[in-house]
Amino acid sequence: MFNAETRLAKERELNKYFTHSTEYELDEYRASAMPQNVKDSLVDIMESPLGDKIRNGVDSTGSKIELTQSLYEESAFQASGNQVYYGDVDTFNARGITMHQTMGTLLAHEIGHTQSYMANYSFVPSPGTNSNENWTVTNAEDIYRAYKGLPLRRNYDN
């Protein structure tokens, strides 16, 4: 049975694997409370098959994944090293550049680019390449989509 106590325990687990900050000026970040919609999405991701890969990756590298609420929409939903930048999902979807996304699918994809997540694999295509994007769709985002019963993206161009 899922209750408030269970939810609190799941949110506490997030603190072991993630940090949160907000961008206040270009390249200036401050630790901040994680918004509830992001917590909800991460709890869901941690319950999916990605959760064990995130746990294993963070535990093996000793580096938490840092989520940063981006001040600039053009830099939202990107990853660099172990940092994931995110923003408003509706603004992202309004661009019309990919199939409809949720906060969960976007975070699952970007987490798939982090050093801690990629530590689970012996080979990952070079970052910044189309091969790497397709690898991330297959090895992170579509795993989460399948768990949620959402249409699979199958490749980065969708």
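Just so you know, the residues in each chain are numbered from 1, in the order the chain's sequence is written. Per-residue local features are limited, in this predicted model, to residues with pLDDT of at least 70; the limit for side-chain atom pairs, both in listing and counting, is 80 or more; totals at the level of whole chains, interfaces and linings are taken over all residues. Heavy atoms from the whole structure form the basis of all side-chain values; hydrogens and water molecules are not counted.

Draft legend 1. Spatial organisation of the overall build of the protein. Comment: elements are numbered from the N terminus, with helices defined as DSSP H or I runs of at least four residues and strands as E runs of at least two. Broken down by element type, the protein carries seven helices and five strands. The globule rule is 2.2 Å times the number of residues to the power 0.38, and the radius of gyration it is compared with is taken over C-alpha atoms. Taking 2.2 N^0.38 as the reference for a compact globule, 158 residues should give roughly 15 Å; the C-alpha atoms of the protein span a radius of gyration of 15 Å, in line with that estimate. With respect to the principal axes defined by its C-alpha atoms, the protein has extents near 40 × 35 × 30 Å. Accessibility here uses a 1.4 Å probe with only protein chains present; expressed as a share of the type maximum, an area under 20% marks a residue as buried, one over 50% as exposed, and anything in between as partly exposed. Within the protein, the proportion of its 158 residues that are buried is 42%. Areas reported here follow the Shrake-Rupley algorithm with a probe of radius 1.4 Å; residue values treat only the protein chains shown as occluding. When the accessible surface of the protein is summed, it comes to about 8,100 Å², and 49% of that surface belongs to carbon and sulfur atoms.

Draft legend 2. A look at the packing of helix α5 (residues 103-111) against helix α7 (residues 130-148). Running from N to C, α5 and α7 point in directions that differ by 140 degrees, and their axes come no closer than 8 Å. With respect to their mutual orientation, α5 and α7 come out oblique. Relative to α7, α5 is oriented so that their crossing is right-handed. Of α7, the residues touching α5 (which contributes G104, T105, A108 and H109) are E133, T136, V137, A140, E141, Y144 and R145. Ten residues, namely Ala, Val, Leu, Ile, Met, Phe, Trp, Tyr, Cys and Pro, are considered nonpolar, four, namely Asp, Glu, Lys and Arg, are considered charged, and the remaining ones, Gly among them, are considered polar. Within the contact of α5 with α7, the residues separate by chemical class into four nonpolar, four polar and three charged. Axes here mean lines fitted to C-alpha atoms, for a helix over just the part in contact, with angles spanning 0 to 180 degrees between N-to-C directions. Any angle that falls under 35 degrees is termed roughly parallel, while one over 145 is termed roughly antiparallel, one within 65 to 115 roughly perpendicular, and all others oblique. Crossings are assigned a handedness: left-handed for a near helix turned anticlockwise from the far helix by less than a right angle, right-handed for a clockwise turn. Whether two residues are in contact is decided by their heavy atoms: any pair within 4.5 Å suffices.

Draft legend 3. The arrangement of the environment of V43 in detail. Counting through the fold element by element, V43 comes out in helix α2 (residues 36-47). Placed 36 residues apart in sequence, V43 and R7 show a C-alpha to C-alpha distance of 8.5 Å. Discounting residues that sit within four places of it in the chain, V43 has contacts with R7, K10, E11 and L14.

Draft legend 4. Main features of the packing of aromatic side chains. When the centres of two rings from Phe, Tyr and Trp lie within 6.5 Å, Trp using its six-membered ring, the rings pair. Their planes under 30 degrees apart give stacked, over 60 give edge-to-face, and anything left gives tilted. Overall, the coordinates contain four aromatic pairs when judged by the stated rule. Judged by centre distance (6.0 Å) and plane angle (45 degrees), the ring pair of Y117 and Y121 falls under tilted. The interplanar angle of 85 degrees and the centroid separation of 4.9 Å between the aromatic rings of Y121 and W135 together place this pair among those described as edge-to-face. Within this pair, whereas Y121 is found in the loop between α6 (115-118) and α7, its partner W135 is found in helix α7, the two being separated by 14 residues in sequence. Each ring is checked for a lysine NZ or an arginine CZ that lies within 6 Å of its centre and within 35 degrees of its normal; such an atom marks a charge sitting over the ring. Above the face of the Y24 ring, R30 is positioned so that its terminal group lies 4.4 Å from the ring centre.

These values are about where atoms sit, not about what they do.
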